[in-house]
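Each chain is listed here by its residues.
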Amino acid sequence: MLIIPLANILSMLELIIVRHGDAEPKIEGVEDKDRKLVKKGIKQMRRVAKFIDSMNYKIDKVFSSPYTRAYQSAEVVLEELDEDLKIETIKELEPDQEPSALVNKLKELDSQNSTLTVMLVGHEPHLSSFIKYVTGGEVEMKKGGVAVLELNTAEGKGKLTLLLTQKLLKRI
């Protein structure tokens, strides 16, 4: 008989991790955090939404970096999915944050509800660092890329189940 500790069953989160779409180039006089998505970035996020829909994921909560391009990316995905969810901006998804801070934020969330699918929208190299921190695996999140990760919040460890680039999303 297989015995699985109840704590391990109740502390899993499914994370849909999205790197923001293509944004305006860096220009003098415009802060990095204020750069907006360009048309290509919007199209990329529509592809992400199409993928999420095709896989029948039901998003329960959305966290985004407070940077404009990440927030806009989350908006496009939710609009395409016809979801009326609140996007919560969190500093733990800013590019210079430590991955452990995001794990701790997700642990707080898990204590409220243990059966959530959470979409995280952020930046590189932070997202790849987060994935490596919880899985041990080296990945690179391309612009408009999406990863799916199962996170055991009790252990702060997870399993990467999917990683897609825009090149692959175009074929779906």
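Computed from a predicted model, the values in this text were never measured in an experiment. (Residues numbered from 1 in each chain as written. Predicted model: local features only at pLDDT ≥ 70, side-chain atom pairs only at ≥ 80, totals over all residues. Heavy atoms only, no water.)

A.B. asks: Any chance you could break down the packing of aromatic side chains for me, citing the residues and the numbers?
C.D. replies: Two aromatic rings, taken as a pair, are described by how far apart their centres are and by the angle between their planes. Within the structure shown, the criterion is met by one aromatic pair. Across from the ring centre of Tyr133, 5.7 Å away, lies the NZ or CZ of Lys157, which sits over that ring. (Phe/Tyr/Trp six-rings, centres within 6.5 Å; stacked < 30°, edge-to-face > 60°. Lys NZ or Arg CZ within 6 Å of the ring centre and 35° of its normal.)

A.B. asks: Any chance you could break down the side chain of Arg19 for me, citing the residues and the numbers?
C.D. replies: With respect to the helices and strands, the residue Arg19 is situated in strand 1 (residues 12-19). Here Arg19 is buried and forms no salt bridge, its nearest opposite-charge partner Glu124 lying at an N-O distance of 5.3 Å. Among the polar contacts listed, one links the side chain of Arg19 to the backbone oxygen of Met141, at a separation of 2.9 Å. In contact with Arg19, other than residues within four places in its own chain, are Met45, Gly122, Glu124, Leu127, Met141, Lys142, Lys143, Gly144 and Gly145. (Helix = DSSP H or I, 4+ residues; strand = E, 2+ residues; numbered from the N terminus. Buried < 20%, exposed > 50% of the residue type's maximum accessible area, 1.4 Å probe, protein only. Lys, Arg positive; Asp, Glu negative; His and termini not counted. Salt bridge = Lys/Arg side-chain N within 4 Å of Asp/Glu carboxyl O. Polar contact = N/O pair within 3.5 Å; in protein donor to acceptor, adjacent residues only side chain to side chain. Contact = heavy atoms within 4.5 Å.)

A.B. asks: I'd love a proper account of a positive patch on the surface, names of residues and values included.
C.D. replies: Residues Lys43, Lys167, Lys170 and Arg171 make up a contiguous surface patch of positive charge. Here Arg171 is to be found in the segment after helix 6 (166-169). (Patch = residues over 30% accessible without salt bridge, like charges linked within 9 Å, V, L, I, M, F, W, Y side chains within 5 Å. Areas by Shrake-Rupley, 256 points an atom, 1.4 Å probe, with all protein chains shown as cover. Charge placed at Lys NZ, Arg CZ, Asp CG, Glu CD.)

A.B. asks: I'd like to hear about the sheet that holds strand 5 (residues 146-152), residue by residue, with values.
C.D. replies: Taken in spatial order, the six strands of this open sheet run 3-2-4-1-5-6, and their pairing is mixed. A single partner strand is all that each edge strand has here, and the edge strands are strand 3 (87-89) and strand 6 (157-164). With strand direction ignored, the average angle separating the axes of adjacent strands in the sheet is 25 degrees. Two elements, strand 1 and strand 5, share seven bridges in a ladder whose sense is antiparallel. Residue pairing for strand 5: Val18 is matched across the bridge by Val146. (Pairing = 2+ DSSP bridges. Axes fitted to C-alpha atoms, helices over the stretch in contact; angles between N-to-C directions.)

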